[in-house]
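These are the residues of each chain, in order.
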Amino acid sequence: MQWKPTTHRLFFRCLAGALIGCIAGVVGSSAQSPTQSPTRSPAQIRFRSETRDVVERRLKSFSTKNSEREALIRKWFAESGCKEANLSEEALDRKLPPNVICVLPGETRQVIVVGAHTDKVDSFGDGVVDNWTGAALLPSLLYSLSARPRHHTLIFVGFSGEEKGLVGSQYYVDHLTDEQRAHIEGVVNFDSLGLGPTEVWASHADKALLDALGRVAYASKLQVTAMNVPEGATADSESFARYHIPRITLHSVTQKTWPILHSPFDKMAAIKMNDYYDSYKLIAEYLAYLDDSLKPAAARAEKAAH
Ligand SMILES: [Zn+2]
């Protein structure tokens, strides 16, 4: 998560307001919309589960140096089955570590981007919550989703420089061609997990992506609630929103735990490992479901043309 220091005071007040106005309880409904074309139900979706031991070990292997964090994700991508030809780094203009990218090819040209920022804020804490929790899940999700053929090409990106103003994600999306951007059906971003059960930034989420998350949570009995982050705060998903690409950000922050971010308390001790592993399982199942159910963005293109 990233925000301007000057917005701190405003931001706490807005968070209080957001809590009253925005908690929608458990997202989603039990029934599939009758207008939706038939796909497998979330309960039928299969993915390969990474062990809790591996997920936990990766989280605990954090570095406080951003360049080492990026290198670890690159190494774990390779260990998790990312072929060398599909593993790359994207150098940024500034003196920041590169974005790290693994492409998991699918049967179609349609793309789902799976993103989390690898960097931590310069001062304070170990940056375990914000956002090693997110970055360290990328290789495990790659492992989960590579077990069966996919309709979509999944592009896993560890974004650099989020805390410097969404630098890596903005660079990434700005340097895609119009055609490449048009093929992105959805961006699933996660930032600051593990402080509690999974939350979703509902007010800045695409409705179809949010509905799909609700269905998966309901079917899997894994909790997710709508919790908007305060005004002034932002995340890498918003770099894609500038191009009207559907996006969603999952996190775990509440009013109570918000002060942990960018503070000396952002350490391993803040992590609730059961909740963190549940977030991993939910996201893995969600991505498998999206691969199965997301349809090409013809409707989106038509909308943009009008
Ligand atoms: Zn942050």
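This one's a predicted model, so the numbers in the text were calculated from it and none came from an experiment.

For this particular structure, what's the right way to read the coordination of the zinc ion?
Between any two of four tetrahedral donors, the ideal angle at the metal is 109.5 degrees; between two of six octahedral donors, it is 90 or 180 degrees. At 1.8 to 2.8 Å from the zinc ion lie its protein donor atoms, namely Met-1 (O), Asp-130 (OD), Glu-163 (OE), Glu-163 (OE) and His-262 (NE2). Counting residues between consecutive donors of the zinc ion along the chain gives the motif M-x128-D-x32-E-x98-H. Here His-262 lies in the loop between β10 (247-251) and α10 (273-293) and Glu-163 lies in the loop between β5 (153-159) and α6 (167-174), a separation of 99 residues in the sequence.

Please explain unusual backbone geometry as it appears in this structure.
Peptide bonds are, in most cases, trans, and in most cases residues other than glycine have a negative phi. The amide bond that connects Asp-130 to the next residue, Asn-131, takes the cis arrangement and shows omega of 5 degrees. Residue position: Asn-131 is located in helix α4 (residues 128-135). Notably, Lys-221 is not glycine yet its phi reads approximately 60 degrees, a positive angle. Mapped onto the fold, Lys-221 is located in the loop between α8 (207-220) and β8 (224-226). Here His-262, not a glycine, exhibits a phi torsion of approximately 60 degrees, which is positive. His-262 gets classed as buried once you look at its relative accessible area, which sits at 17%.

What is the right way to read the environment of Gly-161 from this model?
Considering the arrangement of structural elements, one finds Gly-161 in the loop between β5 and α6. A sequence separation of 43 residues divides Gly-161 from Thr-118, and the C-alpha atoms of the two residues are 7.9 Å apart. Apart from residues lying up to four places away in sequence, Gly-161 is in contact with Leu-96, Asp-119, Leu-166, Val-167 and Gly-168.

Rules used throughout
Residues numbered from 1 in each chain as written. Predicted model: local features only at pLDDT ≥ 70, side-chain atom pairs only at ≥ 80, totals over all residues. Heavy atoms only, no water. Donors = N, O, S within 2.8 Å, 3.2 Å for Na, K, Ca; no water. Helix = DSSP H or I, 4+ residues; strand = E, 2+ residues; numbered from the N terminus. Buried < 20%, exposed > 50% of the residue type's maximum accessible area, 1.4 Å probe, protein only. Contact = heavy atoms within 4.5 Å.

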